[in-house]
Amino acid sequence: MKKARDLLKPTRRAFLSLARPPSPSPTAVPLPPQMDPSERYCYNPRLQWNPEVEDYFIKAYGADNFSRISHALTRPSTYSCIRVNTLKTTTDAVVQKLKAIMKETGFEDCTMAEDGPNDNPTNELEDSLQNSPIAKCQIPGLEYVLFVKGSGPHSIDYGVAPGAPPKEVIVSRKCAEAVLRGAQVFVPGVMACSAHVEKGDAVAVSVAIEQHGPDGGWAIGMTRGTVLQGLQTDPYYSERYGLYIGQGITKMSRAGIFRVSEGIAVDMNNRVFKLPSFHDVLEGEIFLQNLPSIVAAHALDPQKGERILDMCAAPGGKTTAIAILMKDEGEIVAADRSHNKVLDIQKLAAEMSLTCITTYKLDALKAVRRRNESNDNVTVQSSEPLRFHEEKTFSTVQVLNPEKVRNEIVSNEKENERTYVSKADIRKSNRRMRNGPGRNQCLGGRVENSKGFDPDSFDRVLLDAPCSALGLRPRLFAGEETVGSLRNHAKYQRRMFDQAVKLVRPGGVIVYSTFVSKIQCTINPGENEALVRYALDTYKFLSLAQQHPRIGGPGLIGGYEFPDGYVEEWLRPGEEELVQRFDPSSPLDTIGFFIAKFVVGPKNI
């Protein structure tokens, strides 16, 4: 286990260079006039937590470790992790293609020009990234995983001069988190802008983070379109301290930014963190995926010919990873309660040319079919079985004429030749005529509804449960979560786990993780270790199993007593090494993540 973790430690030179005491809260006090501008125009945020939540995490991790975790969460990982679709290409071929793309775009030079050299590489991956921006994973079984080096934090010269502040743009917190991951600044994310900004101007980009208001809520406290002055007389001057994420060139004037509803507002050409963008790059051949998510698919250990359920499958990263591990032989049922997200899974499976994936729209809380329900699934937009296949895109959409529908209803009743059309269908038709066909109808996507599945009908189940997303990186705000909301997340996950236990056959496997999308994950023990405790205490036929590969750290032992007297139990001694916990501040430099693997014994005990 230790050897695996040592092999995987990514390059963290830039991150470790940040090991300095956290800066004051950006809302603490106004800056004194003699403050060095370089200390203001930098990136050094400090996460704000609900005091009770902070106490809870300090009890779980210890004050020093939680401080490191909180600091790490405000930074993106210093590398991107790519999974290669080995059914369509090879790892070596992808490496060559990516190197050519990075050289063409100039990103290769950015990764090599990192602040501060490292003269003491600590492992093979870090050593290989010294001379190349791309490295293969060294963990046995994960050779198809690539790491693409990023860099940062970088010091940026914003052209600050006494009495002449730079032109600025303030973006929303969510926009800033996306920019830190490599995105551009799009129009909806812009909150405020300096006066007299024209197309082609260089602007400093900072972020507006929610502040605690007198009513007890959280808000950014500014109206979209606010004019920035840049001087200390500006009411938002102190709030931007340590929150500058880079510099860019405006693609439109100030007036244009606040007049249109879409488009790129600022082209970020100088970033605090420089990470490669893989948008529309080698579609079908690669998939950008966090390392722990890939490990979770391996922990499930899928075998050819098995029937596997991915209960909360969107956006399809682990679903397709499982399909590739099975060599596209068997059946993977990918379910999600969102119609649009199911379409996303279909699209990804089509890009990767995977045929063993069957998609359904289904709420994970209703995954077990009731005994009085028919064995037939209810179909929406299609009556044919939906073993995944590519759908044709329709350029036009037939919309029912309400008057014609009414006439058909009368005719149907008389002739009994067609299915009765309800008033709800008529209202839906009226809405379509008024609002247009909508995204899904225009795409021509088909999604099949399911009433659930029979008990004991799957060999393996992956429950990638929705969570609080407190392990998201980069994260710039965490104050909205309360102890009560964290406990509610845990209750919701237990109900999902109850469904998973019923669906997997004796002798099967359940893998539980807290990661529901590309970016959501959590560091909350109540959603991780406490769920394991609940599972083992409630279902005596479940037992924890070893995971391969094992590169994460041990779980948390003990528990926590809340102010209201409720006691949350975590793992017991001996169980901590049977789960994998990924700490954002660890040398792995990943998101916060958790994986537990259960073997299902005879259910009649």
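Keep in mind the model is a prediction, meaning the values are calculated, not measured. (Residues numbered from 1 in each chain as written. Predicted model: local features only at pLDDT ≥ 70, side-chain atom pairs only at ≥ 80, totals over all residues. Heavy atoms only, no water.)

### Details of the overall build of the protein chain
Secondary structure assignment for the protein chain yields 18 helices and 25 strands. A buried classification covers 54% of the 605 residues belonging to the protein chain. Considering only intrachain contacts with a sequence separation of at least 6, the fraction spanning at least 24 residues in the protein chain is 81%. Accessible area of the protein chain: about 27,000 Å², with a carbon and sulfur share of 50%. (Helix = DSSP H or I, 4+ residues; strand = E, 2+ residues; numbered from the N terminus. Buried < 20%, exposed > 50% of the residue type's maximum accessible area, 1.4 Å probe, protein only. Contact = heavy atoms within 4.5 Å. Areas by Shrake-Rupley, 256 points an atom, 1.4 Å probe, with all protein chains shown as cover.)

### A look at unusual backbone geometry
A cis geometry characterises the amide bond from Gly-152 onward to Pro-153, with omega recorded as 5°. His-548 connects to Pro-549 through a cis peptide bond whose omega is -5°. For Lys-327, which is not a glycine, the phi torsion comes out positive at approximately 60°. If you trace the backbone, Lys-327 turns up in the loop between α12 (317-325) and β15 (331-336). The exposure class of Lys-327 is partly exposed, given its relative accessible area of 45%.

### Here we look at the packing of helix α4 (residues 51-61) against helix α5 (residues 63-73)
Running from N to C, α4 and α5 point in directions that differ by 115°, and their axes come no closer than 7 Å. Between α4 and α5 lies a crossing of right-handed hand. For the pair α4 and α5, the contacting residues are Glu-54, Phe-57, Ile-58 and Tyr-61 in the first and Ala-63, Asn-65, Phe-66 and Ile-69 in the second. For the contact of α4 with α5, the residue count by class is 6 nonpolar, 1 polar and 1 charged. (Axes fitted to C-alpha atoms, helices over the stretch in contact; angles between N-to-C directions. Left-handed = near helix turned anticlockwise from the far one by under 90°. Nonpolar A, V, L, I, M, F, W, Y, C, P; charged D, E, K, R; others polar.)

### As for the pairing of strand β20 (residues 504-513)
When a strand is regular, its side chains alternate between the sheet's two faces. With 7 of 10 residues buried, β20 lies mostly within the body of the structure. For strand β19 (residues 458-464) and β20, the ladder comprises 6 bridges, and the chain directions are parallel. Across the sheet, residue Leu-463 finds its bridge partner in β20, namely Tyr-512. As defined by bridge partners, β20 adjoins strand β25 (residues 593-600) across 5 bridges and the pair is classed as antiparallel. Considered in β25, the bridge of Tyr-512 is made with Ala-596. (Pairing = 2+ DSSP bridges.)

### Topic: the sheet that holds strand β3 (residues 145-149)
Strand order across the open sheet formed by 4 strands is β2-β3-β1-β13, with antiparallel pairing between neighbours. Edge positions in the sheet fall to β2 (134-136) and β13 (286-288), since each has one partner strand and no second. Each strand of the sheet is rotated relative to its neighbour by a mean of 30°, with strand direction disregarded. One ladder, built from 3 bridges, connects β2 with β3; its direction is antiparallel. Paired with Ile-134 across the bridge in β3 is Val-148. The sheet contacts of helix α6 (residues 91-105) involve β1 (79-84), β2, β3 and β13, and relative to β2 the element is tilted by about 170°.

### A short note on the nonpolar core
Ranked by internal contacts, the top residues of the largest apolar core, which has 42 residues, are Leu-142, Val-145, Leu-291, Ile-322, Ile-357 and Ile-595. Contributions of two or more residues to this core are made by β1, β3, α11 (291-300), α12, β15, α13 (339-351), β20 and β25. Broken down by element, this core gets its largest block of residues, 7 residues, from α11. If you look at the next biggest cluster of nonpolar residues, it comprises 40 residues, including Val-333, Ala-335, Ala-465 and Ala-500. (Core = buried A, V, L, I, M, F, W, Y, C linked by side-chain atoms within 4.5 Å.)

### Quick notes on the pairing of strand β12 (residues 264-271)
Where strand β5 (residues 185-186) lies against β12, 2 bridges are found, and the strand directions are antiparallel. Pairing of Phe-186 across the sheet is with Ile-264, part of β12. Of the strand pairs in this sheet, strand β11 (residues 244-250) and β12 are connected by 5 bridges, and their pairing is antiparallel. Looking across to β12, one finds that Gly-246 is bridged to Arg-271.

### A look at the side chain of Ser-151
Tracing the chain through its elements places Ser-151 in the loop between β3 and β4 (168-172). What makes Ser-151 buried here is its relative accessible area of 3%. Within the structure, Ser-151 has its side chain in polar contact with the side chain of His-154 (distance 2.7 Å). (Polar contact = N/O pair within 3.5 Å; in protein donor to acceptor, adjacent residues only side chain to side chain.)

### Side note on the confidence of the model for the protein chain
It should be kept in mind that the predicted coordinates are not to be read in detail where pLDDT is low. With 75% of its residues at a pLDDT of 70 or more, the protein chain has an overall mean of 80. Scored below 50 in pLDDT, residues 434-444 shows 22 contacts in the model against residues more than four places distant or in partner chains. (pLDDT = per-residue confidence, 0-100.)

### Points about α11
Counted residue by residue, α11 has 10 buried out of 10 residues, so it is predominantly covered. Residue Asp-301 follows α11 closely and has a positive phi angle near 55°.

### What about the sheet that holds β4?
Pairing in this open sheet of 7 strands is mixed, and the strands run β5-β12-β11-β7-β4-β6-β10 from one edge to the other. Edge strands, defined here as strands with exactly one partner in the open sheet, are β5 and β10 (226-228). Docked against the sheet, helix α9 (residues 173-180) engages β4, β5, β7 (202-208), β11 and β12, running at close to 100° with respect to β4.

### Describing helix α17 (residues 483-503)
Over its 21 residues, α17 runs 31 Å from end to end, which matches the ideal 30 Å to within 8%, given 1.5 Å per residue. Of the positions making up α17, those classed as buried are Val-483, Leu-486, Ala-490, Gln-493, Met-496, Phe-497, Asp-498, Gln-499, Ala-500, Val-501 and Leu-503. (Expected span 1.5 Å × (residues − 1).)

### What about the side chain of Asp-328?
In this structure, Asp-328 sits in the loop between α12 and β15. Only 3.0 Å separates the side chain of Asp-328 from the backbone nitrogen of Cys-356, close enough to count as a polar contact. Aside from chain neighbours lying at most four places away, what touches Asp-328 is Leu-87, Ala-323, Ser-353, Leu-354, Thr-355 and Cys-356.

### Overview of the environment of Glu-561
The residue Glu-561 is located in strand β22 (residues 559-561) in this model. We classify Glu-561 as exposed; its relative accessible area is 53%. Each C-alpha atom, one on Glu-561 and one on Lys-59, is 10.0 Å from the other, the two residues being 502 residues apart in sequence. Residues in contact with Glu-561, not counting those within four places in the same chain, are Tyr-566 and Val-567.

### Side note on the packing of aromatic side chains
Under the criterion given, the structure shown has 23 aromatic pairs. Their ring planes at 25° and their centres at 5.4 Å tell us that Tyr-56 and Phe-562 sit as a pair that is stacked. Note that Tyr-56 is positioned in helix α4 and Phe-562 in the loop between β22 and β23 (567-569), a separation of 506 residues in sequence. Exposure class is identical for Tyr-56 and Phe-562. Each is buried. Summarising the aromatic geometry, the rings of Tyr-56 and Trp-570 are spaced 6.4 Å apart at their centres and angled 75° between planes, so their arrangement reads as edge-to-face. Taken together, the residues Tyr-56 in helix α4 and Trp-570 in the loop between β23 and β24 (579-582) connect sequence positions 514 residues apart. Tyr-56 gets classed as buried once you look at its relative accessible area, which sits at 2%. Each residue in the set Trp-49, Tyr-56, Phe-57, Tyr-61, Phe-66, Tyr-560, Phe-562, Tyr-566 and Trp-570 is aromatic and connected to the rest through ring pairs, giving one cluster. Looking at Arg-40, its charged tip hangs above the ring of Tyr-237, at a distance of 3.6 Å from the centre. (Phe/Tyr/Trp six-rings, centres within 6.5 Å; stacked < 30°, edge-to-face > 60°. Lys NZ or Arg CZ within 6 Å of the ring centre and 35° of its normal.)

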